[in-house]
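So the chains spell out like this:
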Amino acid sequence: MADAQSRTKTLYLIDGHAQFFRAYYAIRGGMRSPVTGEPTHMTFGFVGMLLKLLRENQPDYLAVVIDAAGDRETFRSELYPQYKANREPPPDDFRPQVQRCLSLLEAMHIPVIAEEGVEADDTIAALIKRLRREHPDVDIRIVSRDKDLTQLLGEGVEMFDPNRDEPVTPADIFKTEGVKPEHVVDILTLMGDTVDNIPGVPGIGPKTAAKLILQYGSVDNLLAHLDEIKGKRRENIEAAKEQLAISRQLVILKDDLEPMFDLEEATADPSRMNAAELLAAFRELGFNQHRDALQAITGIDDEAAAEAERAAASSSGGDEFADGLFAGDSGASAAAPTRPSRSAEYKAITTKKDLNALMKRIRAAGEFAVDTETDSLSPVEAHLCGVSIALEPGDAVYIPTRSPEPKTHLDTDTVLDRLRPVLEDESTTKIAHNLKYDLNVLRHHGVRIRGPMFDTMVASYVIDATRASHKMDALALALLHHTCIPITDLIGRGKKQVTFDRVPLEQAAPYAAEDADITLQLRNHFAPQIRAMGLQDLFDDVEMPLVEVLAELEYNGIRVDPDELERQRAKLNERIEQLRMHISDAAPHPFNPDSPRQLAGALFNKPDAEPPGLGLKVLKRGKTGPSTDQEVLEKLADDPGIDSPVPNLILEYRRLTKLVNTYLVALKEYINPDTGRVHASFNQTVTATGRLSSSDPNLQNIPIRTDVGREIRRAFMAEPGNVLITADYSQIELRLLAHLSDDPALIAAFRAGMDIHRAVAAEVFGVEPDDVTPEQRGTAKMVNFGIVYGITPFGLARRLGGDISNEEARRIIDEYKDRYRGINAFLARCVEDAKEHGFVETILKRRRMIPEVEAKHPQQRALGERMAINTVVQGSAADLIKLAMIDLHRRLPDAHPEARMLLQIHDELVFEAPEGEGEAVEAFVAGRMEAAMDLNVPLVVDTARSTSWIDAK
């Protein structure tokens, strides 16, 4: 680029569709708007790139150039009908995200340019030609890595990669030193393009084409000296001579256009952005990270950003808050904060008189929505700050118990003593959002909620488990078209964040009352939908009772010995330090094993490079260079041709450091100082299959496949005088597969109590069960479990360690399906149900929407088919263990009052009981779990008991 004196401003031209596709494949799919449910991973990646560009590069001008026509609607397709003819259609979720990106670009006031009959590359070429003529003092940066665009580079024009924050040259693209822009067309002509279906010379790729053009200067000169080329290459060039002229016309960019473009309209001025619209859109899309970045770019502080969002959200109009916010408090007066306008009467109850009046209204209504405000996310540690109640839509109150003005309202004991009768009333319906939290907060304060309950978060999940978010704010915006007051408006963010008991009442009251009001409105929205969809039994008999069960588990917690965690941490740290020394000794140069970039240098740099490396072959590339992820390291470690111990040492180093940081250190921090126990959260509304998950900490992810990982369970202890009891369903998914498929052979094997993997191996390999080898049993086990997940021949071959080919793996799978035809028919039925209804159902009629089965893109369609199968089997396993948990929650207190259910981990339940009752509790639990569901095959539960979790296996 020219110096600053001659060129003072820069125009960034973004190659739109190239960046759309790059974002689409760079960000893992599955991201969805918590409000609209639309796919968002590409939008997230593209917007992130834009904001980074604006923040770090601060362009003077900025525009996006896109294709106006499809692949088959340009002059190139007229010239050569086969042009791009072999391209697959973009994935189904691509185009909607492009449209969303275009709307965001409009709100950012970033012009989008497109010309009919040509491609974006041609439009960029024409723009550059014109701008170099009309604005020679403006530098141009093409935001792309497209090889075709490198022909445009030159004085005042360069290509820029915003992800790597570096310029891109033709030499970079073609990986050949000395390649210049004037060589590009000839190189592209010679090599062709399989993606765009441009014919080239067979056997000539980018590097060879670049080498030949550097040697001969052009395709024409190469053809003139064809006698100097030897062997097959000469034959291939000779045969391709006639089509090279067409190839050249296809690759050369058309710059004789006059696209509509005003440089001043492309001025990149953040103050021109519609911040209100963008912030509202980012909230709708769930882009919290981008909201912060946008504020930093535009200079809008938190208060101004909140005001801008409220202004955008209130465009529909409505009434302000009712006057008299603090009913019954003659001495307090405060203006209601600005918020999305709507018809609502929110009041603060601050006197016994008004609280008594509220109790009468609740008893007359027979139902009410309730929500608690606290000073902590942990319900067993939280102090109650207040309770909000709603009786009718738009009519809600907040009863504060802790605030910066304690003399202006009632105290916690007074409020709870008055509320307890209705909260514990068996006949009054309680409606809440995330009821589990409120159950434990109030239990922590001596109140046990009883009677009929309706959890709107659970209702949302039952109706559509694939919804991106079941949080109240997202549901209110999506379903009620209402923007809730953000909690950050009250408590702030980061280091300045305060707890709710420090929020002034004039702000706390409307926020808290709104929560109860929206909860009631969501119940009114969801209840008829659940009935209409035939999901009432699932909701009433499984999911709502489960809320109480999970609340019990979280409240009970499990004892964890901090000294044992510390002992293991110290031991592993010794080994980690030894590994550091071994890695340093074995590596070609000292490096930090925690740095992926430095590790990549040590593995893949040539031995004579600076710094020197092992010179290993790069297996996969990431955004910043050669990948060193788990898969790559495992392949390197298993490669018999690599004698360096570094890959194996790094694998062990990473495994141990993760154990220390993720579990041994983190678990210690989660121990409640008052109870000495870890009270993990069990999440009911996260997975699309219906399975439970855990968090804070995630106990389901504690590794158990290695001895060192299993050792962590040693720190989980029973209280003195007690034992831990584990009860684990044996091969539950395979038993459910046998039941659901009604396959005679599989059912017979389970009924006979056979080793199912040995039985399947005997069938597939045509041998007697006693003659099955360990390798055959291992293969059968892999197929048995893999079939539930739609295993492919490639997947099976890979899981078996590469000992068999893809074809051999295909034969094994085909023979399995041939032997167990009931299973094959069941798998096909799952897919057909998904196609016919748009969803599949578990054994208890839990639904999961699977639109992917109708996708045009083959990979997405195949994913949908695997999801259909997996959801029915794995979701039915979730149904089973939920029924078992509900049954045990109800029966265990009568049979063994001192026994407690503590954990649910996959197909395993963990209990604590007095040592003298351990054997009886173990038998009782196993019996109830085995009777939880009536199947065509017997349910088997493996149990054990000990004073520590590791031995209760």
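These numbers come from a predicted model, not from an experiment.

1. Considering the overall build of the protein
A tally of regular secondary structure across the protein gives 35 helices and 25 strands. The C-alpha extent of the protein, read off along each of the three principal axes, is 95 × 80 × 60 Å. Residue burial in the protein is summarised as follows: out of 953 residues, 52% are buried. Here the protein holds 112 positive side-chain charges and 153 negative ones, and the gap between their average locations is 2 Å.

2. Remarks on the confidence of the model for the protein
In the predicted model, the protein carries a mean pLDDT of 89, and 94% of its residues have values of at least 70. Contacts for the low-pLDDT stretch residues 1-7, under 50 throughout, to residues beyond four places or in other chains number 15 contacts. Every residue in residues 315-343 scores below 50 in pLDDT, and together they form 54 contacts with partners more than four places removed in sequence or on other chains.

3. Here's the deal with the packing of helix H7 (residues 181-191) against helix H8 (residues 206-216)
Remark: H7 packs on H8, axes separated minimally by 9 Å, with the N-to-C direction vectors making an angle of 130°. Between H7 and H8, the angle is such that the two are oblique. Helix-helix and strand crossings are classified by hand; for H7 and H8 the assignment is right-handed. For the pair H7 and H8, the contacting residues are His 183, Asp 186, Ile 187, Leu 190 and Met 191 in the first and Pro 206, Ala 209, Ala 210, Leu 212, Ile 213 and Leu 214 in the second. Classifying every residue of the contact of H7 with H8 by side-chain character gives nine nonpolar, one polar and one charged.

4. Concerning empty space enclosed by the protein
Evaluated as defined, the whole model comprises two cavities of 30 Å³ or more. Size it by volume and the second largest cavity reaches roughly 60 Å³. If you go around the second largest cavity, the residues you meet are Leu 54, Leu 62, Met 108, His 109, Ile 110, Pro 111, Ala 266, Thr 267, Ala 268, Asp 269, Pro 270 and Met 273. Among the residues forming the lining of the second largest cavity, the class breakdown is nine nonpolar, two polar and one charged.

5. Re the sheet that holds strand E13 (residues 558-560)
The strand order across the open sheet built from three strands is E16-E13-E19, with neighbouring strands paired in antiparallel fashion. For this open sheet the edge positions go to strand E16 (677-678) and strand E19 (716-717), each flanked by a neighbour on one side alone. As paired strands, E13 and E16 are joined by two bridges and run antiparallel to one another. In the sheet register, Arg 559 faces E16, and the bridge partner there is Arg 677.

6. With respect to the packing of aromatic side chains
This model, assessed by the stated rule, comprises 12 aromatic pairs. Ring centres 5.8 Å apart and planes at 75° place the aromatic pair Tyr 24 and Phe 94 in the edge-to-face group. You can see Tyr 24 sitting in helix H1 (residues 16-26) and its partner Phe 94 sitting in helix H4 (residues 94-107), a full 70 residues away along the chain. Both residues of the pair, Tyr 24 and Phe 94, belong to the buried class. Ring plane angle 75° and centroid distance 5.2 Å describe the contact between Phe 44 and Phe 287, whose orientation is recorded as edge-to-face. Highlighted residues: Phe 44 in helix H2 (residues 41-57) and Phe 287 in the loop between helix H11 (275-285) and helix H12 (288-298), separated in sequence by 243 residues. Put simply, the rings of Phe 21, Tyr 24, Tyr 25 and Phe 94 pair up and form one aromatic cluster. Positioned above the aromatic ring of Phe 75, the side-chain terminus of Lys 254 is 5.5 Å from the ring centre.

7. Thoughts on the nonpolar core
Membership of the largest hydrophobic core comes to 178 residues, with the highest contact counts inside it found for Ile 389 and Met 885. No other element matches the 13 residues that helix H34 (residues 858-895) contributes to this core. The residues touching Ile 389, leaving out its near neighbours within four places in the chain, are Leu 358, Ile 362, Phe 368, Ala 369, Val 370, Asp 395, Ala 396, Val 397, Ile 399, Leu 419 and Ala 516. One finds Ile 113, Leu 149, Val 184 and Val 219 within the second-largest nonpolar core, a separate group that totals 53 residues.

8. What about the environment of Ala 825?
With respect to the element layout, Ala 825 can be found in helix H33 (residues 821-837). Classification of Ala 825 as partly exposed rests on a relative accessible area of 40%. Between the C-alpha atoms of Ala 825 and Asp 743, which are 82 residues apart in sequence, the distance is 9.2 Å.

9. Observations regarding a positive patch on the surface
A contiguous patch of positive charge on the surface is contributed by Arg 164, Lys 175, Lys 207 and Arg 621. By secondary structure assignment, the location of Lys 175 is in the loop between helix H6 (170-174) and H7.

10. A few points about the pattern of salt bridges
Taken as a whole, this structure holds 56 salt bridges when the rule is applied. Between Asp 292 and Arg 493 there is a salt bridge whose closest N-O contact spans 2.4 Å. Within this pair, whereas Asp 292 is found in helix H12, its partner Arg 493 is found in the loop between helix H19 (488-491) and helix H20 (505-532), the two being separated by 201 residues in sequence. Put simply, Arg 777 and Asp 755 hold a salt bridge, and the shortest N to O gap is 2.9 Å.

11. Observations concerning the pairing of strand E2 (residues 61-65)
With five of five residues buried, E2 lies mostly within the body of the structure. Both faces of E2 are covered, namely the face carrying Tyr 61, Ala 63 and Val 65 and the face carrying Leu 62 and Val 64. Inspection of the sheet shows E2 paired to strand E3 (residues 112-113) by two bridges, in the parallel sense. Within E3, the residue paired with Val 64 across the bridge is Val 112.

12. Some remarks on the environment of Arg 248
Its place among the elements puts Arg 248 in helix H10 (residues 231-251). On the basis of relative accessibility, which here comes to 36%, the residue Arg 248 falls in the partly exposed class. Along the primary structure Arg 248 and Gly 192 are separated by 56 residues, whereas in three dimensions their C-alpha atoms are 9.0 Å apart. Beyond its immediate sequence surroundings of up to four residues, Arg 248 is in contact with Val 185, Asp 186 and Thr 189.

13. Digging into the sheet that holds strand E23 (residues 900-905)
By definition, the strands of a sheet pair up through backbone hydrogen bonds, in either a parallel or an antiparallel sense. One open sheet holds the four strands; their spatial order is E23-E24-E20-E25, and the pairing between them is antiparallel. Only two strands of the sheet have a single neighbouring strand rather than two, namely E23 and strand E25 (941-946). When the angles between neighbouring strand axes are averaged without regard to direction, this sheet yields 20°. The sheet contact formed by strand E20 (residues 722-729) and E25 spans six bridges and is antiparallel. The residue of E25 that forms the bridge with Asp 728 is Asp 942. Those strands touched by H34 are E20, E23 and strand E24 (908-914), and its axis lies near 170° from that of E23.

14. Thoughts on the packing of helix H32 (residues 806-819) against H33
Orientation of H32 relative to H33, taken along the N-to-C sense of each, is 100°, at an axis distance of 4 Å. The orientation of H32 with respect to H33, classified from their angle, is roughly perpendicular. Side by side, H32 and H33 meet where Tyr 816, Lys 817, Asp 818 and Arg 819 of the first sit next to Arg 821, Ile 823, Asn 824 and Leu 827 of the second.

15. Structural notes on the pairing of strand E8 (residues 367-374)
Judged by how many residues are buried, E8 sits mostly within the fold: seven of eight residues are covered. In the sheet, E8 pairs with strand E9 (residues 384-392) via six bridges, with the strands oriented antiparallel. In the sheet register, Ala 369 faces E9, and the bridge partner there is Ala 390.

16. Overview of H7
Counting buried residues along H7, 10 of its 11 residues qualify, which places the element largely inside the surrounding structure. Every buried residue of H7 is listed here: Pro 181, His 183, Val 184, Val 185, Asp 186, Ile 187, Leu 188, Thr 189, Leu 190 and Met 191. Close packing links the buried residues of H7 with H6, H8, helix H9 (219-224) and H10. Immediately beyond the C-terminal end of H7, within one or two residues, lies Gly 192, with a positive phi of roughly 65°.

What counts as what
Residues numbered from 1 in each chain as written. Predicted model: local features only at pLDDT ≥ 70, side-chain atom pairs only at ≥ 80, totals over all residues. Heavy atoms only, no water. Helix = DSSP H or I, 4+ residues; strand = E, 2+ residues; numbered from the N terminus. Buried < 20%, exposed > 50% of the residue type's maximum accessible area, 1.4 Å probe, protein only. Lys, Arg positive; Asp, Glu negative; His and termini not counted. Charge placed at Lys NZ, Arg CZ, Asp CG, Glu CD. pLDDT = per-residue confidence, 0-100. Contact = heavy atoms within 4.5 Å. Axes fitted to C-alpha atoms, helices over the stretch in contact; angles between N-to-C directions. Parallel < 35°, antiparallel > 145°, perpendicular 65-115°, else oblique. Left-handed = near helix turned anticlockwise from the far one by under 90°. Nonpolar A, V, L, I, M, F, W, Y, C, P; charged D, E, K, R; others polar. 1 Å grid on protein atoms, 1.4 Å probe; cavity = no way out; pocket = protein on both sides within 12 Å on 5 of 7 lines; lining within 4 Å. Points joined across faces, edges and corners; volume = space filled by probe spheres on them. Pairing = 2+ DSSP bridges. Phe/Tyr/Trp six-rings, centres within 6.5 Å; stacked < 30°, edge-to-face > 60°. Lys NZ or Arg CZ within 6 Å of the ring centre and 35° of its normal. Core = buried A, V, L, I, M, F, W, Y, C linked by side-chain atoms within 4.5 Å. Patch = residues over 30% accessible without salt bridge, like charges linked within 9 Å, V, L, I, M, F, W, Y side chains within 5 Å. Areas by Shrake-Rupley, 256 points an atom, 1.4 Å probe, with all protein chains shown as cover. Salt bridge = Lys/Arg side-chain N within 4 Å of Asp/Glu carboxyl O.

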